[in-house]
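Remarks on the overall topology
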Amino acid sequence: MDAKETIAVLDFGSQTAQLIARRIREQNVHSELLRPDIPAADLKARGVSGIVLSGGPASVYVQGAPDCDAGIFDLGVPVLGICYGMQIGVQKLGGVVEPTPSREFGRTKLTMLEAEGLLAHLPDESTVWMSHGDQVQRVGPDFVPLATTGTCPVAAVRHRSRPFYGVQFHPEVTHTAFGTQILRNFVYDVCGCTGAWQMGSFIEQQVESIRARVGDAKVICGLSGGVDSAVVAALIHRAIGDQLVCIFVDNGLLRKNEAELVEATFRGHFHLDLRVARAGERFLGRLKGVTDPQEKRRIIGHEFIEAFNAEAKTIANAKFLAQGTLYPDVIESGASVGGKADVIKGHHNVWGLPADMKFELIEPLRDLFKDEVRIVGEHLGLPEEIVWRHPFPGPGLAVRILGEITEPRLAMLRDADEIVIEEIRAGNLYRSIAQAFAVLLPISSVGVMGDGRSYDYTIAVRAVETRDFMTADWVRMPYEVLAVIANRIINEVRGVNRVVYDLSSKPPATIEWE
């Protein structure tokens, strides 16, 4: 890959830093997420075409706030600062940043002062997404204001002699009407990129990287049956062929007939070397009496590695473990490049790995979102039913059963979940829904079954629409479909007398309940 076609994104702890990198990749220009304090000399050695400074939760004038090497502004490489990134750039180049008397959060009207260069092809007024309590209050004669809002006099700016540009708003989010155009202007008109990078380039890069790193060793890939691990397996198999050995851990927390489906798909369709570790009793034994969701994830992560180690002992020269970790997993586990993100929930393949694990990790998808993984899967020729399968959490049904995990409760949830999926497929809704599933609540309520009183469990149905799984909204499912789902669950799943529908968005809720 030509390094001159790379845009470096310096992450100051923003929850949307990877969105910036992703939006740039959507313009067929490679992007790379890096620490904010990377030396300017390293960026020069990489030969980057441009640099983006992300937003962040801190204030640039506070001691200990994330900083960057001032030398990046002397490289002659175009720099775009977004929100915090604009503020730190303006501050280092002579401007003043202070708390704003009127904070801006949400949609704001942007008025153009100079619709050229970075803001070319934008109308005189447009809607942008703001999220800031600080702003640039004063700029010197070296700066040219490009746009303004009602409360932010310098909402966009450029330097007269240096290729530095800044915007106080967030062009990477979909709420900014012309955000994609702004980023396109930056990478093509300002940075001079040609747009030669495509997802095929990502695949080629990963194949070359995996071959070089692995050598003649063997790689173990943990298969779950979902799209993430399937794409990882196909990608690594393309790189090293029979050096890949796949292990499927049947942890007893799977969906109905999941184990049979995985074996038929990956042995029959992909012809991969698949080993099955049947460890359901072991997992359920360790989870007995456990109700805390983080403790569930920790235990499952530990047992997952233990089961892997036991199976891996039979595989000679196995030195690497491949996982389908995605960027939302990394962010929710508090592992941003800038090291500033909060831990939302621990993912067993990110946060729960023991320090003495015997394998080196290979995570080729950790910088991608779910929709990008599907694109990779299509490029690799995976069948549609695998590429578009709804996600399933690594800890399985353990995080969809609130409270203790028992065999009867697992059976109850498996039956309810199967009904949910059957009915959204029957309603031709499966592809339009990003993720749908049932959750067993630790709530019993009074009901009437026939002529008798019942006191049974409640099932929650969750269905969301999302593009990147960083944010999500609940699906406005047709009432007739919901009615059939609820009626079937209550009539067919013994022990359930009530069904509710989850109307929560992410944020503030997460997609999974635990």
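Treat the numbers as computed from the prediction; the structure is a model and nothing was measured. (Residues numbered from 1 in each chain as written. Predicted model: local features only at pLDDT ≥ 70, side-chain atom pairs only at ≥ 80, totals over all residues. Heavy atoms only, no water.)

1. Some words on unusual backbone geometry
Selection criterion: Under the DSSP-based scheme used, a helix requires at least four consecutive residues in state H or I and a strand at least two consecutive residues in state E, with every element numbered from the N terminus.
For the bond from Lys506 to Pro507, the omega torsion is -10°, close enough to zero to count as cis. A cis amide bond links Pro507 to the next residue, Pro508, at an omega of 10°. With respect to the helices, strands and loops of the structure, Pro508 is situated in the segment after β18 (496-501). One non-glycine residue, Asn28, lies in positive phi territory at about 65°. Looking at the element boundaries, Asn28 is found in the loop between α1 (17-25) and β2 (30-34). Non-glycine residue Asn317 carries a positive phi angle of around 65°. Residue position: Asn317 is located in the loop between α9 (293-312) and β13 (318-322).

2. Quick word on helix α4 (residues 179-190)
For an α-helix, the turn length of 3.6 residues means that residues three or four places apart are oriented alike. Quick note on the threshold: Helix span is expected to be 1.5 Å times the residue number reduced by one. Here's how the labels work: a residue is buried when its accessible area is under 20% of the maximum for its type, exposed when over 50%, partly exposed in between, all with a 1.4 Å probe on protein chains only. Residue contacts are counted whenever heavy atoms from the two residues lie within 4.5 Å of one another.
An ideal rise of 1.5 Å per residue puts 16 Å on 12 residues; α4 measures up with 15 Å between its terminal C-alpha atoms. Burial in α4 covers these residues: Gly179, Ile182, Leu183, Asn185, Phe186, Val187, Tyr188 and Val190. Tucked into the core, α4 has its buried residues touching β1 (6-10), α1, β3 (50-53), β4 (79-82) and β9 (164-167). Gly192 sits one or two residues past α4 and shows a positive phi near 75°.

3. With respect to the packing of helix α5 (residues 199-214) against helix α6 (residues 227-240)
Helix-helix packing: each pair is described by the crossing angle between the helix axes and the interaxial distance. Here is the rule we go by: For helices, the fitted line uses only the C-alpha atoms of the stretch in contact; every axis is such a line through C-alpha atoms, and the angle between N-to-C directions lies from 0 to 180 degrees. The cut-offs work like this: below 35 degrees is roughly parallel, past 145 is roughly antiparallel, 65 to 115 is roughly perpendicular, and the gaps in between are oblique. Take the far helix as the reference: if the near one is turned anticlockwise from it by less than a right angle, the crossing is left-handed, and if turned clockwise, right-handed. Only Asp, Glu, Lys and Arg are considered charged, only Ala, Val, Leu, Ile, Met, Phe, Trp, Tyr, Cys and Pro nonpolar, and every remaining residue, Gly among them, polar.
It is the contact of α5 with α6, at a shortest axis distance of 9 Å, that shows an interaxial angle of 60°. Regarding the angle of α5 to α6, the classification is oblique. As α5 packs across α6, the resulting crossing turns out to be right-handed. In this structure, α5 contributes Ile203, Gln206, Val207, Ile210, Arg211 and Val214 to the contact, and α6 contributes Leu235, Ile236, Arg238, Ala239 and Ile240. Looking at the contact of α5 with α6 residue by residue, the classes come out as 8 nonpolar, 1 polar and 2 charged.

4. Thoughts on the confidence of the model for the protein chain
Definition in use: pLDDT expresses, on a scale from 0 to 100, how confident the predictor is about each individual residue.
The pLDDT averaged across the protein chain works out to 87; a share of 92% of its residues lies at or above 70. Of the regions scoring below 50 in pLDDT, residues 338-354 engages in 58 contacts with residues more than four places distant in sequence or in other chains.

5. Remarks on the packing of aromatic side chains
Which entries qualify depends on this criterion: Between 30 and 60 degrees the pair is tilted, below 30 it is stacked and above 60 it is edge-to-face, where a pair is any two Phe, Tyr or Trp rings, Trp via its six-membered ring, whose centres lie within 6.5 Å. Whether a charge sits over a ring depends on NZ of Lys or CZ of Arg being within 6 Å of the ring centre and within 35 degrees of the ring normal.
Under the defined criterion, the tally for this structure stands at 3 aromatic pairs. Here the aromatic rings of Phe12 and Tyr84 are separated by 5.3 Å at their centres, their planes lie at 45°, and the arrangement is tilted. With a gap of 72 residues between them, Phe12 in the loop between β1 and α1 and Tyr84 in helix α3 (residues 84-92) connect regions that are remote in the sequence. When sorted by exposure, Phe12 lands in the same class as Tyr84, which is buried. For the pair Trp474 and Tyr501, a centre-to-centre distance of 6.3 Å together with 80° between the ring planes defines the contact as edge-to-face. Of the two residues, Trp474 is situated in strand β17 (residues 473-474) and Tyr501 in strand β18; the sequence distance between them amounts to 27 residues. Above the ring of Tyr430, the side-chain terminus of Arg425 is found at 3.9 Å from the ring centroid. The lysine or arginine in question, Arg476, covers the ring of Trp474, its NZ or CZ lying 3.8 Å from the ring centre.

6. Quick look at the side chain of Arg400
Stated precisely, the cut-off is as follows: In protein, a polar contact means a hydrogen-donor-capable atom and an acceptor-capable atom, both N or O and within 3.5 Å, with residues adjacent in sequence counting only if both atoms are side-chain atoms; elsewhere, any N or O pair within 3.5 Å suffices.
Among the secondary structure elements, Arg400 is positioned in the loop between α12 (384-387) and α13 (407-426). A distance of 2.8 Å separates polar atoms of two side chains, one belonging to Arg400 and the other to Glu512. Among all residues touching Arg400, those that are not within four sequence positions of it are Pro391, Phe392, Pro393, Leu413, Asp417, Gln435, Phe437, Ala438, Val439, Leu440 and Glu512.

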